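If you want the building blocks of each chain, they are given just below.
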Amino acid sequence: MNPASAPIGVFDSGLGGLTVLKALLDRLPDERFVYVGDTARLPYGTKSRSTIRRYLQQNVEFLLKRGVKAIVVACNSASSALEPGDSWSVPLYEVIGPGSRSALAVTKNRRVAVLATRATVAGGAYPSKLQELSPGLTVFQEACPLLVPIVEEGMEADPLARELVRRHSSVVVDQAADTVILGCTHYPVLGEVFRRMLGDAVTIVDSSRTLADELQGDLRSGRVAAAADGRVGAGASPRVELLVTDLGPRADELAARFLAPHGAEPARLVDLG
Ligand code: DGL
């Protein structure tokens, strides 16, 4: 087991996974994190399963070489490409299970909609997980390929964002789902737009808080060695090392937006090899 003082690795296809890291920073004040955003190869959500699996393996191996004590696959598209036999030398957390458990905890009419990238929808990981956990549950899926660029462009208050959210909300309304999973790193940024569109009768869930709870549980139980109180994270700054595979002109601005109110050092360029 890597030492308690080792960081937790988090990766995503880009910077959207910082929405997941934000929930981890909120919940785990003593921990440090290394975040890898594979910005050179973003998006993953339009790519084939075999390509996404190759990228997933490279991200995991890169983080293992940096001595992390656990790895969080923040990307839904990469999480949905995991296979049951996959195993690594540190605990690996993904987002499909926590997102599904959050939805099951709140649905009353057992009709759940999943909004995600094309790759996540095509992989069917959410319907499989939801039905494995709760046989007979009805699941509807819809790919929303334009929502990632809308969020990347900071256009969540734009009428175009509202129009796209309206279109993608119709699967929820037409199928009378009472719960919708925002199954992509970027969509929680549009959470308020979805909330206004869908009203209080529909519960909107994303995986990040449940994932943070589950990781916190494992730090408490010792499955992952917890940083000693106050020694590593609390008071120690920075808590996030931000690494990207392409350092575009907007990297730090996007990172600040996704992570707020938490901060990070300026992003640094790495090669996943
Ligand atoms: N991070 C991806 C996901 O959660 C969204 C962006 C992409 O397509 O790479 O599925």
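Shown above is the structure to which this text applies.
Residues numbered from 1 in each chain as written. Predicted model: local features only at pLDDT ≥ 70, side-chain atom pairs only at ≥ 80, totals over all residues. Heavy atoms only, no water.

**Student:** Before we go on, may I ask you to explain the overall build of the chain in this structure?
**Tutor:** A count of helical and extended segments in the chain gives 11 helices and 10 strands. Relative to its length of 273 residues, the chain is compact, with a C-alpha radius of gyration of 18 Å against a globular reference of 19 Å. Considered along the principal axes of its C-alpha atoms, the chain spans approximately 50 × 40 × 35 Å. When burial is assessed residue by residue, the chain has 53% of its 273 residues classed as buried. Long-range contacts, defined here as pairs at least 24 residues apart, represent 78% of the contacts in the chain between residues at least 6 apart. Roughly 11500 Å² of accessible area belongs to the chain as shown, and the carbon and sulfur atoms make up 50% of that amount. (Helix = DSSP H or I, 4+ residues; strand = E, 2+ residues; numbered from the N terminus. Rg over C-alpha atoms; globule rule 2.2 N^0.38 Å. Buried < 20%, exposed > 50% of the residue type's maximum accessible area, 1.4 Å probe, protein only. Contact = heavy atoms within 4.5 Å. Areas by Shrake-Rupley, 256 points an atom, 1.4 Å probe, with all protein chains shown as cover.)

**Student:** Help me out: how do you make sense of empty space enclosed by the protein in this one?
**Tutor:** Remark: the empty space left among the atoms is shown by a probe the size of a water molecule rolled over them. According to the stated counting rule, one finds 1 cavity of 30 Å³ or more in the structure shown. Approximately 70 Å³ is the volume found for the largest cavity. Lining the largest cavity we find Thr19, Val20, Ala74, Asn76, Leu182, Gly183, Cys184, Thr185, Pro188, Asp206, Ser207 and Ser208. Elements represented by at least two residues in the lining of the largest cavity include exactly α1 (18-27) and β7 (179-183). Classifying every residue of the lining of the largest cavity by side-chain character gives 5 nonpolar, 6 polar and 1 charged. (1 Å grid on protein atoms, 1.4 Å probe; cavity = no way out; pocket = protein on both sides within 12 Å on 5 of 7 lines; lining within 4 Å. Points joined across faces, edges and corners; volume = space filled by probe spheres on them. Nonpolar A, V, L, I, M, F, W, Y, C, P; charged D, E, K, R; others polar.)

**Student:** What exactly am I supposed to notice about the pattern of salt bridges here?
**Tutor:** Side chains that differ in sign of charge can pair as their charged atoms come close. On inspection of all chains with the given rule, the structure shows 17 salt bridges. Between Glu163 and Arg166 there is a salt bridge; the shortest N-O distance is 2.8 Å. Remark: Arg166 and Glu163 occur in helix α8 (residues 159-174); sequence separation between them is 3 residues, near one turn of the helix. The class for Glu163 is partly exposed, based on a relative accessible area of 28%. Ionic pairing is found between Glu163 and Arg167, a salt bridge with its closest N-O pair at 3.2 Å. Here Arg167 and Glu163 lie together in helix α8, a separation of 4 residues that amounts to about one turn. (Salt bridge = Lys/Arg side-chain N within 4 Å of Asp/Glu carboxyl O.)

**Student:** Just checking my understanding: could you explain the sheet that holds β7 for this structure?
**Tutor:** Adjacent strands of a sheet pair through backbone hydrogen bonds, lying either parallel or antiparallel. The sheet built from 4 strands is open, its strands ordered β6-β5-β7-β8 with parallel pairing. The open sheet is flanked by β6 (138-143) and β8 (203-205), the only strands paired with a single partner. Each strand of the sheet is rotated relative to its neighbour by a mean of 20°, with strand direction disregarded. Two elements, strand β5 (residues 111-116) and β7, share 5 bridges in a ladder whose sense is parallel. The residue of β7 that forms the bridge with Leu115 is Leu182. (Pairing = 2+ DSSP bridges. Axes fitted to C-alpha atoms, helices over the stretch in contact; angles between N-to-C directions.)

**Student:** Hey, could you run me through the packing of α8 against helix α9 (residues 191-198) in this one?
**Tutor:** Relative placement of two packed helices is described by the angle separating their axes and the distance separating the axes. The N-to-C vectors of α8 and α9 enclose an angle of 55°; their axes lie 10 Å apart at closest approach. Accordingly, the angle class assigned to the pair α8 and α9 is oblique. The crossing of α8 and α9 is right-handed. Along its contact with α8, which presents Arg162, Val165, Arg166, Ser169, Val172 and Val173, the element α9 presents Val193, Phe194, Met197 and Leu198. A per-class count over the contact of α8 with α9 returns 7 nonpolar, 1 polar and 2 charged. (Parallel < 35°, antiparallel > 145°, perpendicular 65-115°, else oblique. Left-handed = near helix turned anticlockwise from the far one by under 90°.)

**Student:** Looking at this structure, how should I read the sheet that holds strand β9 (residues 240-244)?
**Tutor:** The sheet built from 6 strands is open, its strands ordered β4-β3-β1-β2-β9-β10 with parallel pairing. The open sheet has two free edges, formed respectively by β4 (92-93) and β10 (268-269), since each of these has just one partner strand. When strand β1 (residues 8-12) meets strand β2 (residues 33-37), the two strands line up parallel, connected through 5 bridges. Bridge assignment links Asp12 to a residue of β2, and that residue is Gly37. Relative to β1, helix α2 (residues 49-65) is tilted by about 155°, and along the sheet it contacts β1, β2, β3 (71-73), β4 and β9.

**Student:** Sorry, what's going on with the site of the ligand here?
**Tutor:** Residues in contact with the ligand amount to 14 residues; listed here are only the nearest, Asp12, Ser13, Tyr44, Gly45 and Ser77. The side chain of Asp12 places a nitrogen or oxygen atom 2.7 Å from a nitrogen atom of the ligand. Here the ligand loses 98% of its free accessible area of 290 Å² to cover by the protein chains. Class assignment of the residues belonging to the shell around the ligand gives a composition of 6 nonpolar, 7 polar and 1 charged. (Near = heavy atom within 4 Å. Polar contact = N/O pair within 3.5 Å; in protein donor to acceptor, adjacent residues only side chain to side chain.)

**Student:** Can you help me understand unusual backbone geometry in this one?
**Tutor:** Trans is the common state for peptide bonds, and a negative phi is the common state for residues other than glycine. Omega for the peptide link from Leu42 to Pro43 comes to 0°, which places this bond in the cis form. Mapping Pro43 onto the fold places it in the loop between β2 and α2. Here the residue pair Ala260 and Pro261 is connected by a cis peptide bond, since its omega of 10° sits within 30 degrees of zero. Position of Pro261 relative to the elements: it lies in the loop between α11 (251-259) and β10. Despite not being glycine, Arg110 shows a phi value in the positive range, around 60°. Counting through the fold element by element, Arg110 comes out in the loop between α4 (96-106) and β5. Even without being glycine, Ala176 reaches a positive phi, approximately 55°. Summarising the element assignment, Ala176 is placed in the loop between α8 and β7.

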